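# Analysis of the macromolecular model
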Amino acid sequence: MASAPVEAKVKAATSATFVVSLVIAVLNAVVADDQLLQPLPVWLQPIVISLVPAAITFLSGWQATHTPRTQ
């Protein structure tokens, strides 16, 4: 099953999470205090904030069992 194509809903969830995470990263850098990620280099912080939730969403969607389609 590792060679099965990625379903459109998984791609959409991953993309949406990436965009939302990127917005949060920008807001965190502009508005809020970013002490949580302060040990990381400044250039790495938005990458971590953006990609980690997207990767988790993708893996969760990929792992989830899907309802069989009846035609």
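## What to know about the environment of Leu51
Within the element layout of this structure, Leu51 appears in helix α2 (residues 45-63). We classify Leu51 as partly exposed; its relative accessible area is 46%. Along the chain, Leu51 and Phe18 lie 33 residues apart, while their C-alpha atoms are 6.6 Å from each other.

## Describing α2
Between its first and last C-alpha, α2 extends 27 Å over 19 residues, near the 27 Å set by a 1.5 Å rise per residue. When we look at burial in α2, the residues that qualify are Gln45, Ile49, Ser50, Ala54 and Gly61.

## Digging into the packing of helix α1 (residues 8-30) against α2
Look at α1 against α2: their axes get within 8 Å of each other, and the N-to-C directions meet at 160°. Here α2 runs roughly antiparallel to α1, going by the angle between their axes. In this structure, α1 crosses over α2, and the sense of that crossing is right-handed. From α1, Val10, Ala13, Thr14, Thr17, Phe18, Ser21, Leu22, Ala25 and Asn28 reach across to α2, where they touch Pro46, Ile49, Ser50, Leu51, Pro53, Ala54, Thr57, Phe58, Gly61 and Trp62. Tallied by class, the residues present in the contact of α1 with α2 amount to 12 nonpolar, 7 polar and no charged.

## Quick word on α1
Taking 1.5 Å as the rise per residue, α1 with 23 residues should run 33 Å; its terminal C-alpha atoms sit 33 Å apart, in good agreement. Among the residues of α1, Val10, Thr14, Ser21 and Ala25 are the ones counted as buried. Against α2 lie the buried residues of α1.

## Structural notes on the environment of Thr57
Positionally, Thr57 belongs in helix α2. Exposure remark for Thr57: the relative accessible area of 24% places this residue in the partly exposed category. Sequence spacing of Thr57 and Ala16 is 41 residues, and the spatial spacing of their C-alpha atoms is 9.7 Å. When sequence neighbours within four positions are dropped, the list of residues in contact with Thr57 reads Ala13, Thr14 and Thr17.

## Quick notes on the side chain of Thr14
In this fold, Thr14 is placed in helix α1. Relative accessible area serves as the criterion here: at 18%, Thr14 is assigned to the buried category.

Procedures and definitions
- Residues numbered from 1 in each chain as written.
- Predicted model: local features only at pLDDT ≥ 70, side-chain atom pairs only at ≥ 80, totals over all residues.
- Heavy atoms only, no water.
- Helix = DSSP H or I, 4+ residues; strand = E, 2+ residues; numbered from the N terminus.
- Buried < 20%, exposed > 50% of the residue type's maximum accessible area, 1.4 Å probe, protein only.
- Expected span 1.5 Å × (residues − 1).
- Axes fitted to C-alpha atoms, helices over the stretch in contact; angles between N-to-C directions.
- Parallel < 35°, antiparallel > 145°, perpendicular 65-115°, else oblique.
- Left-handed = near helix turned anticlockwise from the far one by under 90°.
- Contact = heavy atoms within 4.5 Å.
- Nonpolar A, V, L, I, M, F, W, Y, C, P; charged D, E, K, R; others polar.

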